[in-house]
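Topology and contacts: notes
The lines below spell out each chain.
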Amino acid sequence: HLLGTASLTMPTVRIALFTADPTETGSQAAEVVGGGYARQAITFGAAASGAPSSAANNADVVFPVATASWGTVTHFGLMDAATVGNMLYHGAFTTAKAIDTDDQAKILSGALTVTED
């Protein structure tokens, strides 16, 4: 339901980028700010069956071109709002990525899988 794979109406889920682990508390202190950064909408395909269940993003997520350094992105959070809001899920990227001026962060379709255990 939270990933929008069910038929219930949900707010647009957005992905936020972080330079440190936001932890279970949902701390947004390490979220990227400035330099043209904005959270982006993310959608997921049908949840996989079984326990634990999982779902992967079903389209590329493309962030704006950085107009200043965003730092090294290490974590993500799935949020229920374009700004502030609640963190629904969070996790670490397999590989940290420095986003410098004129770089563009992109998450390819199927590259981000959320698993519930």
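So, how was this worked out
- Residues numbered from 1 in each chain as written.
- Predicted model: local features only at pLDDT ≥ 70, side-chain atom pairs only at ≥ 80, totals over all residues.
- Heavy atoms only, no water.
- Pairing = 2+ DSSP bridges.
- Helix = DSSP H or I, 4+ residues; strand = E, 2+ residues; numbered from the N terminus.
- Buried < 20%, exposed > 50% of the residue type's maximum accessible area, 1.4 Å probe, protein only.
- pLDDT = per-residue confidence, 0-100.
- Core = buried A, V, L, I, M, F, W, Y, C linked by side-chain atoms within 4.5 Å.
- Contact = heavy atoms within 4.5 Å.

**Side note on the sheet that holds strand β2 (residues 40–41)**
Strand order across the open sheet formed by 4 strands is β2-β1-β5-β6, with antiparallel pairing between neighbours. Here the strands that pair on one side only, and so sit at the sheet edges, are β2 and β6 (87–99). In this sheet, β6 lies alongside strand β5 (residues 71–79) in antiparallel orientation, the contact comprising 8 bridges. The residue of β6 that forms the bridge with Gly71 is Ile99.

**Quick notes on unusual backbone geometry**
Only a minority of non-glycine residues have a phi that is not negative, and only a minority of peptide bonds are not trans. The backbone phi angle of Thr23 is positive, close to 60°, even though this residue is not glycine. By the element assignment, Thr23 lies in the loop between β1 (14–18) and β2. Residue Thr23 is classed as partly exposed on the basis of its relative accessible area of 33%.

**Quick notes on the pairing of β1**
Counting buried positions over the 5 residues of β1 gives 4, a clear majority of the element. With 2 bridges joining them, β1 and β2 adopt antiparallel strand pairing. Across the sheet, the residue bridging to Ile15 is Gln40, located in β2. Of the pairings in the sheet, the one linking β1 to β5 comprises 5 bridges and is antiparallel in character.

**Here's the deal with the confidence of the model for the chain**
Taken residue by residue, the chain gives an average pLDDT of 89. The fraction at 70 or more is 86%. Per-element confidence in the chain ranges from a low mean pLDDT of 86 for strand β3 (residues 54–56) to a high of 98 for strand β4 (residues 61–62).

**Some details on the nonpolar core**
Counting residues in each nonpolar core, the largest one holds 26 residues, and the members touching the most others are Ile15, Leu17, Ile42, Phe63, Trp70, Leu78 and Leu112. Listing elements by their share of this core, those giving two or more residues are β1, β5 and β6. For Ile42, the contacting residues outside a window of four places in its chain are Val13, Arg14, Ile15, Asn57, Val61, Leu78 and Leu112.

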